[in-house]
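Residues per chain are reported as follows:
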Amino acid sequence: MIAAMRRVPALLFALAVPASAAPSAPAPAGHRLGTDVVPVFEAVRLTADAGKPDYTGSVRIELDVRKPVSAFALHARDIEISTVSLTGPDGAVEVRHGSGERGRLDVTAPAPLRPGRYVLEIEFANEYDTQATGLYKVVVGGDSYLFTQFEADDARQAFPCWDEPAFKIPYELTVVVPEAHVAVSNTPPVSDTVKDGQRTVVFGRTKPLPSYLLALAAGPLEFVPIPGLSVPGRVVTVKGASALAGEAVRTTPPVLAALERYFGRPYPYDKLDLIAVPEFWPGAMENAGAVTFRDTVLLLDARGASAEQRRLLVEINAHELAHMWFGDLVTMDWWDDLWLNESFASWMGDKAAAEAFPEFQTEVASLEGTQRAMNTDARLSTRAIRQPVSSLDNLLQSADELAYQKGQAVLAMVETWVGPESFRRGVLDYLAAHEWGNAVAADLWNAVSKAAGKDVAGVMETFLDQPGVPLVTVDAVDGARVRLSQRRFANQGVTPPATAWRIPVALKYETGGAIRTRVVLLTGPSDTVTLEGPVAWVHPNAEQRGYYRWSVPTATQRAIAGGGQRVMTVRERVGFVGNAAALLDAGALRGDEYLELLLPFARDPEPEVVSAVVGALGKVKRAFVTPELEPTFAGYVRRLLGPALERIGMERRADEPEAVSLLRPQLLLWLGRDGHDPAVLARANAVAAAYLADPAKTDASIVGVALQLRALSGDRALFDEFRRRLEAATVPADRERFLSALGYFRSPELVEEALRFAAAGPLRPQEMFEIPQGIGTSVAEEARPYRFMTENYDAIRAKIPPMFLVFMTHFATGCSEDRARDASAFFSEPPHAVPGTDKEMAKVAEAVRDCAALRSREGGAVAAYLRRPAP
Ligand SMILES: [Zn+2]
């Protein structure tokens, strides 16, 4: 699974991907199903007319009774069970059944069962879910559809099953739908027959799968073939949307081929369907052979898609397809290794995307996520990535930036240390040893350790089993000797517990005019290393492959920064900008020094470096910019970003690199919205007008931002026009553009109107937060998103998947301690205190405290710097 967006502020990130919690109590006894009676095969039959509110079904599960027990349990949550029957070696067994905790279905026989093969048959009825969970119903354009989202433990609310990842068995699904509907599942159908207005589709038996990877889509679906794959492939859409499949059809084969080359084995399943789902909370979900996506991610108008949208599709698709081997072919034994599933898919996905579409620079772009993970890890409210799962309330609450981006960065660090070929050999050995089955993280480390002849487990454990991020300091001793030391990185005013890591430190240094690199394993608090000859400078994180913060003496830092492109690669320059923000948080860099330091990086010829500077502005704005300071901040934004826009121009050139097309809208947004640059605003207004007149004639990459900037000065008539366009849009991305722009109208009356529309307009649940988010980018309105959330909590609760409720706490993110206090109270009231909320709230509260402390510490220096006349 993956978030819908990568380059997003914390709030949206949290809403799109579950964020973290730190379970502390030991696992409740008996919270997992027993292994005395296990399934070996399950046939599921559903009579599922999407036009109705409910469905009926039956399952036939072949069991292996391993020990003579008289009771066993499986899962069936909120399902109306009509009959349960059990047949064994001695014929029918009279069983009783009852509901247990957390969707358990307990089955009891009058006497111990003789070990052997049994068949359990259950008939049931249920209502479709309507909150994008389990087997759920969606109505689009008057037509009803069914889709599924089962991860982590929601297959059990669709039909009875052994709903834990270690129960990996073949399934056989049969669905009976109205004749006019078609159905898609993990495997191709083996028969499709129509009788009396009903269509019966029998799908082929699956390879062994955990229940969370099963999928079903049904309704008046459309299909577009994907030629050029090693298996039959299709894009699957709702009625009328198949014209938007082109970009997915074009970009999927090279990505899948890159993965097949890396894994040295073909795609493991019989076919590949990519299914566009209109109501969907994650960005995408890796169901084996039937990957589901948010429609806004998968369906792009070939001419009207921006560079950002096209990159996002490639990135997300690559992540999901990497799961086909890592997660699906080999599955984690239990949810405590969910992080490995996700971090490996992110690491592998970016690698495959970079190979198939190097123009998107995914391996540079991924650094933004690493920085976000290190920011989280700088706080005491962080957690170790790998922890026992002790609460079953929300198994995906731990799928946060640590599980995805920290894990990805740690894997990349180890790969650099042992060498890519050794790492790959270890991965392939691991897949071969566990194919079609389950594994734990240690199985992978052992395989990589063996292939590389290095103690990989020893390094991994220090990064996985303890919280935090190390700070590596490098000081010159004399001549060729340097001293490396480590401690836990912390923001100023915080004393973290002493922690030690085994860190592969990649040093880059200059000696005798030559630039060299060397990896040193730092295992103790400090170590002295002798390099090849006297060094001019040492950069402690070559290629920015290490998961650590770093610090060097001021003179060295100046030498590195001053050396620019001669000294640092693109990744290193992007990493430098991120590391500088951390040094600001730690009190090692003053606010005015930080702002001054960003200037040369904003003039970097590499768009990704400028993009990192744009990202840094978000932090500056949140921490320091008050309404009084806005005009002077506007001047700084123009001074910082103006030259970059001047260099790349406001007009797209036909042959320009994708990276330039990705950067331009970011520059336009900041220069227009925050820099109040008249030329940018005029250009945006012209683009918006041209787009409204004829969408085909404008640069798709800047249309979204042009609409946002146009809205800033927009009146009631324009607001109504945008709303009308949103409701009439047939391309999901168009709808998204107008939706987002509605959050940029600034007259008080239209702000109110937009918020009313967000709460009660004809929006899909996952669209509810887009408008408040946009309104919150106004310095004067930064408190509005939180108020929106509290005022509409009940309506939100009724619409969104229950597991996402804990992330409503992230609406209190920002720099206001008053708001954080209010939120703490709000989320401790029983109606708002869903399990896990306290842990999310603790994270938010600490981030807010850090922001407020930074503001009071550096606000004066920043304001003085901003007010200084431009040189
Ligand atoms: Zn994933």
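Every chain is numbered independently, its residues counted from 1 as its sequence is written. Selection of residues for local features in this predicted model requires a pLDDT of at least 70, selection of side-chain atom pairs for listing and counting requires 80 or more, and totals for whole chains, interfaces and linings are taken over all residues. Neither water nor hydrogens contribute to the side-chain values; these are computed over all heavy atoms in the structure.

### What about the overall build of the chain?
Strands here mean DSSP runs of E at least two residues long; helices mean DSSP runs of H or I at least four residues long; both are numbered from the N terminus. The helix and strand inventory of the chain stands at 27 helices and 29 strands. In terms of overall dimensions, the chain is globule-like: its C-alpha atoms have a radius of gyration of 27 Å, near the 29 Å expected for 871 residues. Taking the principal axes of the C-alpha coordinates as reference, the chain spans close to 90 × 70 × 55 Å. Relative accessibility decides the category of a residue: with a 1.4 Å probe and only protein chains considered, values under 20% of the type maximum give buried, values over 50% give exposed, and everything between is partly exposed. Out of the 871 residues in the chain, the part that is buried amounts to 63%. Here the analysis covers contacts within the chain between residues at least 6 apart in sequence; of these, 73% occur between residues at least 24 apart. Surface accessibility follows the Shrake-Rupley procedure with a 1.4 Å probe radius. Residue values consider only the protein chains on display as shielding. For the chain, the computed accessible surface area is about 30800 Å², with 52% contributed by carbon and sulfur atoms. When charges are tallied, Lys and Arg are placed among the positive residues and Asp and Glu among the negative ones, while His and the ends of the chain are skipped. Where a charge lies is defined by one atom per residue type: Lys uses NZ, Arg uses CZ, Asp uses CG and Glu uses CD. Both charge centroids of the chain, one from 92 positive and one from 109 negative side chains, sit 4 Å from each other. Radius of gyration: C-alpha atoms only; globule rule: 2.2 Å multiplied by the number of residues to the exponent 0.38. We call two residues in contact whenever any of their non-hydrogen atoms come within 4.5 Å of each other.

### Quick word on helix α11 (residues 456-464)
Every α-helix carries 3.6 residues per turn, so stepping three or four residues along brings you back to the same face. Among the nine residues of α11, eight are classified as buried, and the element is accordingly described as predominantly covered. Of the positions making up α11, those classed as buried are V456, A457, G458, V459, M460, T462, F463 and L464. Check the buried side of α11 and you find it contacts α5 (338-356), α8 (401-418), α10 (441-452), β23 (470-478), β25 (503-511) and β26 (514-522). Within 3.5 Å is the distance limit for a polar contact, defined as a pair of N or O atoms, with the added protein rule that one can donate a hydrogen and the other accept it, and that residues adjacent in sequence qualify only through two side-chain atoms. Backbone nitrogen of G458 and a side-chain oxygen of the N-cap are separated by 2.9 Å at the start of α11; the cap is D455.

### So, the packing of helix α14 (residues 591-602) against helix α15 (residues 607-624)
Each axis is a line fitted through C-alpha atoms, and for a helix only the stretch in contact is used; angles between axes span 0 to 180 degrees, taken between their N-to-C directions. Where α14 contacts α15, the two axes come as close as 9 Å, and the packing angle between them is 155 degrees. As far as their axial angle goes, α15 and α14 are roughly antiparallel. Note on packing geometry: the crossing formed by α14 with α15 is left-handed. Together, Y594, L595, L598, F601 and A602 of α14 and V609, V610, V613, A616, K619 and V620 of α15 make up the contact between the two elements. When residues are grouped by polarity, Ala, Val, Leu, Ile, Met, Phe, Trp, Tyr, Cys and Pro land in nonpolar, Asp, Glu, Lys and Arg in charged, and all others, Gly among them, in polar. Of the residues belonging to the contact of α14 with α15, the class tally is 10 nonpolar, no polar and one charged. Roughly parallel means an angle under 35 degrees; roughly antiparallel, over 145; roughly perpendicular, 65 to 115; everything else is oblique. A crossing counts as left-handed when the near helix is turned anticlockwise from the far one by less than a right angle, and as right-handed when that turn is clockwise.

### Re the coordination of the zinc ion
The expected angle between donors at a tetrahedral four-coordinate metal is 109.5 degrees. At an octahedral six-coordinate metal it is 90 or 180 degrees. As a rule, N, O and S atoms within 2.8 Å of a metal are its donors, except that Na, K and Ca use 3.2 Å; water is not among the atoms, so sites may look incomplete. Around the zinc ion, the protein contributes the donor atoms M1 (N), M1 (O), H319 (NE2), H323 (NE2) and E342 (OE), at 2.0 to 2.3 Å from the metal centre. Donor residues for the zinc ion sit on one chain with the sequence pattern M-x317-H-x3-H-x18-E. Of the two residues, M1 is situated in the segment before α1 (10-16) and H323 in helix α4 (residues 307-323); the sequence distance between them amounts to 322 residues. Each member of the pair, M1 as well as H323, is classed as buried.

### Here's the deal with helix α13 (residues 570-585)
Given a rise of 1.5 Å per residue, 16 residues ought to cover 22 Å, and the 23 Å separating the end C-alpha atoms of α13 matches this to within 8%. A positive phi of about 85 degrees marks G587, the residue just after α13. In this analysis, the expected span of each helix is defined as 1.5 Å times one less than the number of residues it contains.

### Quick look at the sheet that holds strand β13 (residues 189-195)
Criterion used throughout: strands pair if DSSP finds at least two bridges between them. Pairing is mixed across the open sheet formed by eight strands, whose spatial order is β5-β4-β8-β2-β1-β11-β14-β13. Pairing within the sheet leaves two strands with one partner each, and these edge strands are β5 (91-93) and β13. On average, each strand axis in the sheet is tilted by 20 degrees relative to the strand beside it, whichever way the strands run. Here seven bridges tie strand β4 (residues 80-88) to strand β8 (residues 116-127), and the two strands are oriented antiparallel to one another. Residue V84 lies in a different strand from β8, and its bridge partner there is I122.

### As for the packing of aromatic side chains
Side-chain rings of Phe, Tyr and Trp, where Trp is taken by its six-membered ring, are said to pair if the distance between their centres is within 6.5 Å; with planes under 30 degrees apart they count as stacked, over 60 as edge-to-face, and otherwise as tilted. One pass over the structure, following the stated rule, counts 33 aromatic pairs. Centroid distance F326 to Y430: 5.4 Å. Interplanar angle 25 degrees. Geometry classified as stacked. Placement of the pair is F326 in the loop between α4 and β21 (331-332) and Y430 in helix α9 (residues 420-434), with a sequence separation of 104 residues. Across this residue pair, the class does not change: F326 and Y430 are buried. Taken together, the ring pairs in this structure connect Y262, F263, Y267, Y269, W325, F326, F344, W347, F423, Y430 and W436 into an aromatic cluster. Any Lys NZ or Arg CZ found within 6 Å of a ring centre and within 35 degrees of that ring's normal is scored as a charge over the ring. A cation over a ring is seen here: R205 above F41, with NZ or CZ 3.7 Å from the ring centre.

### Quick look at the packing of helix α20 (residues 716-728) against helix α22 (residues 748-760)
Across the interface, α20 lies against α22 with an axial gap of 11 Å and an inter-helix angle of 20 degrees. Judged on the interaxial angle alone, α22 and α20 are roughly parallel. In this structure, α20 crosses over α22, and the sense of that crossing is right-handed. Together, R716, F719, R723, L726 and E727 of α20 and E749, L750, E753, A754 and F757 of α22 make up the contact between the two elements.

### Description of unusual backbone geometry
Following E151, the chain continues to A152 via a peptide bond in cis, the omega torsion being 5 degrees. Along the polypeptide, A152 turns up in the loop between β10 (143-149) and β11 (171-178). In this structure, R102 takes a positive phi of about 50 degrees despite not being glycine. Within the fold, R102 resides in the loop between β6 (96-99) and β7 (104-108). One non-glycine residue, E543, lies in the positive phi region at around 60 degrees. Relative to the assigned elements, E543 resides in the loop between β28 (537-539) and β29 (549-551). Classification of E543 by relative accessible area gives partly exposed; the value is 27%.

### Observations regarding the sheet that holds β26
The three strands are arranged β26-β25-β28 in an open sheet whose pairing can be described as antiparallel. Strands at the two margins of the open sheet, each flanked by one partner only, are β26 and β28. The mean inter-strand angle of the sheet, taken between neighbouring strand axes irrespective of direction, is 25 degrees. Note: β25 against β28, three bridges, orientation antiparallel. Note that in β28 the partner of K508 across the bridge is H539.

### Concerning the pairing of β26
In this sheet, β26 lies alongside β25 in antiparallel orientation, the contact comprising nine bridges. Among the inter-strand pairings, I503 is bridged to a residue of β26, identified as L522. The turn joining β25 and β26, which pair antiparallel and follow one another in sequence, is formed by two residues; a positive phi near 55 degrees is taken by G512.

### Some points on the pattern of salt bridges
Each salt bridge in this description consists of a side-chain nitrogen of Lys or Arg and a carboxyl oxygen of Asp or Glu lying within 4 Å of one another. For the structure on display, the rule yields 58 salt bridges. Across the pair E721 and R724 runs a salt bridge, and its minimum N-O distance is 3.4 Å. With a gap of three residues between them, E721 and R724 both fall in helix α20, about one helical turn apart. The exposure class of E721 is partly exposed, given its relative accessible area of 23%.

### A look at the environment of G100
The topology assignment puts G100 in the loop between β6 and β7. As a C-alpha pair, G100 and Y404 span 304 residues in sequence and 33 Å in three-dimensional space.

### Some words on the side chain of D699
Here D699 is to be found in the loop between α18 (678-693) and α19 (700-712). No salt bridge forms around the buried D699; measuring N to O, its nearest opposite-charge neighbour R664 is 4.2 Å away.

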